[in-house]
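Overview (structure and organization)
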Amino acid sequence: MPTFVRDGATIAYTDTGAPLGALDAPTVVFGHGLLFGGWMFHAQIDALRTRYRCVTIDWRGQGESPPARRGYDMDTLTADAVALIRELDVAPVHWVGLSMGGFVGQRIAARHGELLRTLTLLDTSARAENPAKASRNKLLAWAQQVAGITAVLDRVTPLLFGPAFRTAGAATIDEWTRRLSRLDRCAIRHAVYGVAERRPVEREITSITVPTLVVVGADDTATPPAEAEHIAARIPRAQLRIVPDCGHSSVLEQPAAITGLLEEFLATTEDQ
């Protein structure tokens, strides 16, 4: 997997390259959710790569990116994403961010709007973390650092996957568990703290001007539909979609539905 270095941190990414015969095709950049990696977008990339150049970024200490000494906060991750877009010279891009990737996407759109064509926000929030949830998640992060991720799976899995998928998606959840168990435990704790301690951007996002699609699973308990509604009400002309029978990890739980929404949104904005 290719990497680049920014501020002393090594960041891994994937890049499908331009589609055959379409060297000028626009680029879609995917930002994954907490405790995942760019791999979670495999279904969307498989569907889009014949028309778009598809790039994923793995946040510090997650996916294939090794632990970093510092910089797990959302502003630093935003700078990492901006650096990758500029490193690849692919701006303006379509940004697709789930949860943590959505925290970053909102910051890019509000502060570096010239780098984006569109913004898709999946299962995310513009607000600071609820203090009770932040305390719970920090405690879980400490527990996994001491005892390993399997010790807290029964608490974490319901936060990341909806009830229907926890029954039907056992193979995917097993893959996620295997990937997560290979990560550095201290890096996981830092990543969780970066999310738990994030600052709100609800005032900033009112300045976003790029076309925006906001999507949330109806059964998402980590960032419930009310959070998506809050975002959509603040970004001018944002579209809101709620996906039934779907929890927090929507691209894995309802891949066809999310891919369809994304394809329709990107096609519509290209015609504008």
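Residues numbered from 1 in each chain as written. Predicted model: local features only at pLDDT ≥ 70, side-chain atom pairs only at ≥ 80, totals over all residues. Heavy atoms only, no water.

1. Concerning the overall build of the protein
Scanning the protein from N- to C-terminus turns up eleven helices and eight strands. Over its C-alpha atoms the protein spans a radius of gyration of 17 Å, differing by no more than 12% from the 19 Å that the globule rule assigns to 272 residues. With the C-alpha coordinates aligned to their principal axes, the bounding extent of the protein is approximately 50 × 40 × 35 Å. Counting only residues that meet the buried cut, the protein has 55% of its 272 residues in that class. When contacts within the protein are restricted to residue pairs at least 6 apart in sequence, long-range pairs at least 24 apart make up 75% of them. Accessible surface, the protein: about 11400 Å² in total, of which carbon and sulfur atoms supply 50%. Taking the 28 positively charged and 31 negatively charged side chains of the protein as two groups, their mean positions are separated by 6 Å. (Helix = DSSP H or I, 4+ residues; strand = E, 2+ residues; numbered from the N terminus. Rg over C-alpha atoms; globule rule 2.2 N^0.38 Å. Buried < 20%, exposed > 50% of the residue type's maximum accessible area, 1.4 Å probe, protein only. Contact = heavy atoms within 4.5 Å. Areas by Shrake-Rupley, 256 points an atom, 1.4 Å probe, with all protein chains shown as cover. Lys, Arg positive; Asp, Glu negative; His and termini not counted. Charge placed at Lys NZ, Arg CZ, Asp CG, Glu CD.)

2. Regarding the sheet that holds strand E3 (residues 27-31)
Read across the sheet, eight strands follow the order E1-E2-E4-E3-E5-E6-E7-E8 without closing on themselves; strand pairing throughout is mixed. Each edge of the open sheet carries a strand with a single partner, namely strand E1 (3-6) and strand E8 (239-243). Strand-to-strand, the axes of this sheet are offset by a mean angle of 20°, without reference to chain direction. Pairing geometry for strand E6 (residues 116-122) and strand E7 (residues 212-217), over four bridges, is parallel. The partner of Thr120 across the bridge, within E7, is Leu213. Running over the sheet, helix H3 (residues 100-111) touches E3, strand E5 (93-98) and E6 and is turned about 140° from E5. The strands touched by helix H9 (residues 225-234) are E6, E7 and E8; relative to E7, the strand with the most contacts, the crossing angle is about 170°. (Pairing = 2+ DSSP bridges. Axes fitted to C-alpha atoms, helices over the stretch in contact; angles between N-to-C directions.)

3. Section: unusual backbone geometry
For the peptide bond that leads from Ala91 to Pro92, omega is -5°, which places it in the cis range. Here Pro92 is to be found in the loop between helix H2 (74-88) and E5. Located in the positive-phi region is Ser99, a residue other than glycine, with phi close to 55°. In this fold, Ser99 is placed in the loop between E5 and H3. Although it is not a glycine, Arg237 sits at a positive phi angle of roughly 65°. Structurally, the position occupied by Arg237 is in the loop between H9 and E8.

4. Regarding the side chain of Asp80
Residue position: Asp80 is located in helix H2. Overall, the relative accessible area of 1% leaves Asp80 in the buried class. The contacts of Asp80, once residues within four sequence positions are left out, are Phe4, Arg6, Ile11, Ile57 and Arg60.

5. Quick word on helix H11 (residues 255-270)
Look at H11: 22 Å from first C-alpha to last across 16 residues, which is about the 22 Å you get at 1.5 Å a residue. Within the span of H11, buried status applies to Ile258, Thr259, Leu261, Leu262, Phe265, Leu266 and Thr269. With its buried residues spanning 160° around the axis, H11 presents them on a single face. Relative to its buried face, H11 has exposed residues pointing more than 90 degrees away, namely Ala256 and Glu264. (Expected span 1.5 Å × (residues − 1). Arc of directions from axis to C-beta.)

6. Some details on the nonpolar core
With 87 residues, the main nonpolar core has Phe30, Leu35, Phe41, Trp95 and Trp176 as its most contacted residues. By residue number, the principal contributor to this core is H2, which donates seven residues. (Core = buried A, V, L, I, M, F, W, Y, C linked by side-chain atoms within 4.5 Å.)

7. So, the pairing of E1
As judged from the four bridges shared by E1 and strand E2 (residues 9-15), these two strands associate in the antiparallel manner. Each bridged residue has a counterpart across the sheet, and for Thr3 the counterpart in E2 is Ala12. Between the antiparallel neighbours E1 and E2 lie two residues, among them Asp7 with a positive phi of about 55°.

8. Considering the packing of helix H5 (residues 153-160) against helix H7 (residues 170-181)
As a packed pair, H5 and H7 sit with axes 12 Å apart at the nearest point and diverge in direction by 120°. Considering the angle they form, H5 stands oblique to H7. The interaxial crossing formed by H5 with H7 has right-handed handedness. Contact residues: Leu153, Val156, Thr157 and Leu160 in H5; Ile173, Trp176 and Thr177 in H7. (Parallel < 35°, antiparallel > 145°, perpendicular 65-115°, else oblique. Left-handed = near helix turned anticlockwise from the far one by under 90°.)

Don't take any of this as a statement about function, it's just geometry.
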